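Fold and geometry: a report
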Amino acid sequence: MQSSHPPTGKIILILSLGILAIATAPILIRLAMATIVASDITASGVNAGAAPALSKRSLALVMAASRLLIVSVILAPNWRTLSPQHYPRSLRLLTLVAGLCLALHFATWISSLAYTSIAASTVIVTTNPIWVALLSRFWWQERLRPLTWIGIGLALAGSLTIGLAEAVPSVAPQPLLGNGFALIGSWTISLYLVLGRHIQTQGVNTAHYTTAVYTVAALGLLPVPWLQGTGYGGYPMSVYGYIVLMALLPQLVGHTSLNWAVRWLSPTLVTLAVLGEPIGASLLGYWILDEVPTVTTLGGGAIVLLGIGLAAWGQRSSAPA
């Protein structure tokens, strides 16, 4: 049974708080990565100065799995109120797919921050409205207007500009690889949001859905660090502190807010609102980490944001009343 539609002001407030929480994620990730480089420590005992990208990539998988595992434990009591009749078998299968998409999103996007800048990574990973619009075209047969196609073209051109940005050893040693990871992260989170809207509009409440999807994602990522021969131990204590903060802020507050909002708003509008993330993350990166985006990244980012805005507006204007 569907709950009554909440006031618009409440939706905007919760969505805004969620986006602010999500914007802290790249900062916490970069602080954790800087810690292992400064301490010359990795989980596998590899000298971080000799192989910084490898050690950061290993930490990225640890952070991705750990944040999901912590939140899954926090939400575990919700399983007691979840009964089979409230969660049909077909929706459970879609939740499994959504959880795997979320796991892949975190694994690729967090890894991107080992190779490219905060600004480039967050701009590319928030190209969601483009991919959501295309998914809507093929999934729900929604017609895309010319303005939407123009926006998609601009956003892709801007992403290509960022992707070809020059390497900056201190913040973007391998931008093409990092931007590629961020793009995969954008594709997977887009499918995750579309699936989440469908599942929740079929009667599954947000608490049960988020508990299930976070648990699936956590279980999917949990063995990966061990399979890579690294594991979860051996990091400085401050790294584990950053992981806990990531679980509480970007994951529990941020992503849960998006999951709640997408139940009441179209995925396109929610992903349009998420465009605030790269702006907030880039500002935090500048203030906290002294990370100044290159001119190429700033220019490409502006083109991407313009393209996404046009595409999302075109998609919004084509939606049925």
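Our subject in this report is the structure included herewith. (Residues numbered from 1 in each chain as written. Predicted model: local features only at pLDDT ≥ 70, side-chain atom pairs only at ≥ 80, totals over all residues. Heavy atoms only, no water.)

**Observations concerning the overall build of the protein chain**
Stated formally: Per the convention used, a helix needs a DSSP run of H or I reaching at least four residues, while a strand needs a run of E reaching at least two, with both numbered from the N terminus. In what follows, a contact means two residues having at least one pair of non-hydrogen atoms within 4.5 Å. With residues, only the protein chains shown are counted as cover, and all accessible areas are computed by Shrake-Rupley using a 1.4 Å probe.
Within the protein chain one finds 14 helices and 0 strands. Its helices and strands in sequence order give the protein chain the pattern α-α-α-α-α-α-α-α-α-α-α-α-α-α, from N to C terminus. Restricting to contacts in the protein chain with at least 6 residues of sequence separation, those with at least 24 account for 87%. As presented, the protein chain carries roughly 13,500 Å² of accessible surface, and 71% of it is formed by carbon and sulfur atoms.

**Re the packing of helix α4 (residues 89–112) against helix α5 (residues 118–125)**
Where we set the bar: What counts as an axis is a line fitted to C-alpha atoms, over the stretch in contact for a helix, and the angles between N-to-C directions run from 0 to 180 degrees. We call two directions roughly parallel when the angle between them is under 35 degrees, roughly antiparallel when it is over 145, roughly perpendicular when it lies between 65 and 115, and oblique otherwise. All residues other than Ala, Val, Leu, Ile, Met, Phe, Trp, Tyr, Cys, Pro, Asp, Glu, Lys and Arg, Gly among them, are scored as polar; the first ten of these are nonpolar and the last four charged.
Taken N-terminus to C-terminus, the directions of α4 and α5 make an angle of 150°; their axes are 9 Å apart at the nearest point. What the angle tells us is that α4 and α5 run roughly antiparallel. In this structure, α4 uses His105, Trp109 and Ser112 to contact α5, whose residues at the interface are Ser121, Thr122 and Val125. Counted by class, the contact of α4 with α5 contains 2 nonpolar, 4 polar and no charged residues.

**Regarding the packing of α5 against helix α8 (residues 175–201)**
Axes are the key here: two packed helices are described by the angle between their axes and the distance separating the axes. Applied cut-off: Each crossing gets its hand from how the near helix is turned against the far one by less than a right angle, where anticlockwise is left-handed and clockwise is right-handed.
Here α5 crosses α8 at 30°, and the two axes come no closer than 8 Å. Comparing the axis directions of α5 and α8 gives the class roughly parallel. Along this stretch, α5 crosses α8, giving a crossing that reads as right-handed. Counting all contacts with α5, which are made through Ala120, Ser121, Ile124 and Val125, the residues of α8 involved are Asn179, Ala182, Leu183, Gly185, Ser186 and Ile189.

**So, the packing of aromatic side chains**
Condition: Any two of the Phe, Tyr and Trp rings considered here, Trp counted by its six-membered ring, make a pair once their centres fall within 6.5 Å; the pair's planes then place it as stacked at under 30 degrees, edge-to-face at over 60, or tilted in between. Buried means the residue's accessible area, taken with a 1.4 Å probe over protein chains only, is under 20% of the maximum for its type, while exposed means over 50%, and partly exposed covers the values in between.
Summed over all chains, the structure comprises 4 aromatic pairs. Note on tyrosine 115 and phenylalanine 181: the rings are 6.0 Å apart at their centroids and 40° apart in plane angle, and the pair reads as tilted. Note that tyrosine 115 is positioned in the loop between α4 and α5 and phenylalanine 181 in helix α8, a separation of 66 residues in sequence. According to the relative accessible area criterion, tyrosine 115 is buried, its value standing at 3%. Looking at phenylalanine 181, the relative accessible area reads 22%, which means it is partly exposed.

**Considering empty space enclosed by the protein**
Quick reminder of the rule: Residues are called lining when one of their atoms sits within 4 Å of a cavity or pocket point, these points coming from a 1 Å grid over the protein atoms alone, where a cavity is a set in which a 1.4 Å probe fits but cannot get out and a pocket is an open set with protein on both sides within 12 Å along at least five of seven lines. Grid points are joined across faces, edges and corners, and a volume is the space filled by probe spheres set on the points.
Taken as a whole and judged by the stated rule, the model has 3 cavities of 30 Å³ or more. The computed volume of the largest cavity comes to approximately 160 Å³. As for the largest cavity, its lining consists of 16 residues, and the residues nearest its centre are Ile22, His105, Ile189, His255 and Glu277. Breaking the lining of the largest cavity down by element, the ones donating at least two residues are α4, α8 and α11 (237–264).

**Re α11**
To keep it simple, the criterion reads: Helix span, as expected, comes to 1.5 Å for every residue beyond the first. Each residue is assigned a bend, namely the angle between axes fitted to the seven residues that terminate at it and the seven residues that start at it.
The end-to-end C-alpha distance of α11, which contains 28 residues, comes to 40 Å, matching closely the 40 Å that a straight helix rising 1.5 Å per residue would cover. The principal kink in α11, of about 30°, is found at methionine 246, preceding the proline proline 250 by one to four residues.

**Things to note about the side chain of serine 186**
Quick reminder of the rule: Two N or O atoms form a polar contact when they lie within 3.5 Å of each other; inside protein one atom must be a possible hydrogen donor and the other a possible acceptor, and for residues adjacent in sequence the pair counts only when both atoms belong to side chains.
Following the sequence through the fold, serine 186 ends up in helix α8. A polar side-chain atom of serine 186 sits 3.3 Å from the main-chain carbonyl oxygen of valine 125. In this structure the side chain of serine 186 is engaged in a polar contact, spanning 2.9 Å, whose partner is the side chain of threonine 127. If sequence neighbours within four positions are ignored, serine 186 has contacts with Ile124, Val125, Thr127, Asn128 and Trp131.

**Considering the nonpolar core**
Rules: Think of a nonpolar core as a cluster: buried Ala, Val, Leu, Ile, Met, Phe, Trp, Tyr and Cys residues, connected wherever their side-chain atoms sit within 4.5 Å.
The biggest cluster of nonpolar side chains holds 53 residues, and the ones touching the most others in it are Ile110 and Tyr192. Listing elements by their share of this core, those giving two or more residues are α2 (25–39), α3 (52–75), α4, α5, α8, α9 (206–221) and α11. It is α3 that provides the largest number of residues to this core, a total of 10 residues. When residues no more than four places from it in sequence are discounted, the contact partners of isoleucine 110 are Ile29, Met33, Ala60, Met63, Ala64, Arg67 and Met246. Among the nonpolar cores identified, the runner-up in size contains 11 residues, and Ile11, Ile19, Ile22 and Trp264 belong to it.

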